[in-house]
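Listed below, chain by chain, are the residues.
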Amino acid sequence: MVLRIIFIFFIAFIPLLSAKQVGLLIVATGKYIKFVPGLIKSAEKHFCPGHQVTFFVFTDDLNFSHPNTFIMPHSRLGWPYDTLMRFHAYKKYKDQYKDFDYLYACDADMLFVDTVGDEIFGNRMAVIHPGFYNSRGSYETNPKSLAYVGPKEGKYYFCGGFYGGKASVVLKQLDVLIARVDQDLKNKIIAVWHDESHLNRYYINNPPDVILNPSYCYPESWNLPFPKKLLALDKPHEEMRE
């Protein structure tokens, strides 16, 4: 009888023992904060079910609040620095999530519409860009930039809207990316697609072990041959940047 009780107790706690601590990093300055409540609500339903998920919102709106969400004060920098400097923002608050199992960066204007689960777990996870799933992609072509990709390099072009992996790996990755962005800026260079350009250069040298199809960054109004899991919502780009 005692052994049976112990067995039942052990079985009941197996899910807790296997649950991972996952951080979702969201930069939402200026008007982008309006997307965050919907994103978090959808993530609570579809993102990493069965695991302990914590949301980190990097924003200049210090009045924003949501359960299980930490506000990371982050100033609006203007276009294109709001995207280019996201690596710096993540690194600044590394002590908040350095002991997590996994970290994922997600654009604010996204919406989870189906389960995004354990398939994303790996050392490095990247998503093939929906605009280039059957072509080479739009790499940085300026050889003076540290994001430069030669004409014979690059197999996949990855999006900057959703990526991540093991927390320890992601944080080391940030060190390299920040150094490259800073050196480009010192040389008065901004890569064509900002942080995404640097991310693609990095992944050529350090290939992701988890490569996902455009289901995980699916433009809302497009019609692609992939199931919808994470939508990139339609928005007026110029208006959002004002």
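Going by the structure above, here's the rest.
All of the points below concern the structure found in this document. (Residues numbered from 1 in each chain as written. Predicted model: local features only at pLDDT ≥ 70, side-chain atom pairs only at ≥ 80, totals over all residues. Heavy atoms only, no water.)

1. So, the overall build of the protein
What counts is decided by this rule: The secondary structure listing takes helices from DSSP runs of H or I that are at least 4 residues long and strands from runs of E that are at least 2 residues long, numbered from the N terminus. A simple rule labels every residue: compare its accessible area, found with a 1.4 Å probe on the protein chains alone, to the largest value its type can have, and call it buried under 20%, exposed over 50%, or partly exposed in between. Whether two residues are in contact is decided by their heavy atoms, any of which lying within 4.5 Å being enough.
On a plain count of helices and strands, the protein comes out with seven helices and 10 strands. In the protein, buried positions account for 50% of the 242 residues. Contacts spanning at least 24 positions in sequence make up 76% of the contacts within the protein whose residues lie at least 6 apart.

2. What about the sheet that holds strand β10 (residues 230–232)?
This is how it is decided: One requirement defines pairing of two strands: DSSP has to find at least two bridges between them.
The strand order β5-β10-β9 describes an open sheet built from three strands, whose pairing is mixed. Every other strand in the sheet has two partners, leaving β5 (110–112) and β9 (218–219) as the edge strands with one partner each. Taken together, the two bridges between β9 and β10 define a ladder with parallel strand orientation. Residue pairing across strands places P219 opposite A232, the latter belonging to β10.

3. Description of the pattern of salt bridges
Cut-off, in case you're wondering: By definition, a salt bridge exists where a carboxyl oxygen of Asp or Glu is found within 4 Å of a side-chain nitrogen of Lys or Arg.
Counted under the stated rule, the structure contains seven salt bridges. Between D195 and R86 there is a salt bridge, and its shortest N-O distance comes to 2.7 Å. Of this pair, D195 sits in helix α6 (residues 195–205) while R86 is found in helix α4 (residues 86–92), placing the two residues 109 residues apart along the sequence. We note that D195, like R86, is buried. Through salt bridges with shared partners, a single ionic network connects R86, D107 and D195.

4. Some words on the environment of E140
Worth spelling out the cut-off: In protein, a polar contact requires one atom able to donate a hydrogen and another able to accept it; more generally it is a pair of N or O atoms within 3.5 Å, and residues adjacent in sequence count only if both atoms are side-chain atoms.
For E140, the location among the structural elements is in the loop between β6 (124–127) and β7 (162–166). Since its relative accessible area comes to 6%, E140 is described here as buried. As a C-alpha pair, E140 and V192 span 52 residues in sequence and 5.8 Å in three-dimensional space. Leave out the neighbours within four places in its chain, and E140 touches S145, A147, Y148, V149, I190, A191, V192 and S197. Among the polar contacts made by the side chain of E140, one reaches the main-chain amide nitrogen of N142 at a distance of 2.7 Å.

5. Thoughts on unusual backbone geometry
Following W79, the chain continues into P80 via a peptide bond in cis, with omega recorded as 5 degrees. With phi around 55 degrees, H194 is a residue other than glycine that occupies positive phi space. Residue placement: H194 occurs in the loop between α5 (167–186) and α6. You can call H194 buried: its relative accessible area is 9%.

6. What about the state of the cysteines?
Here is the rule we go by: Two cysteine sulfurs form what is called a disulfide whenever their separation falls within 2.5 Å.
Scanning the entire structure with this criterion turns up zero disulfides. For the unlinked cysteine C159, the closest cysteine sulfur is that of C217, found at 3.7 Å. Taking the relative accessible area as the measure of exposure, C159 reaches 2% and is therefore buried.

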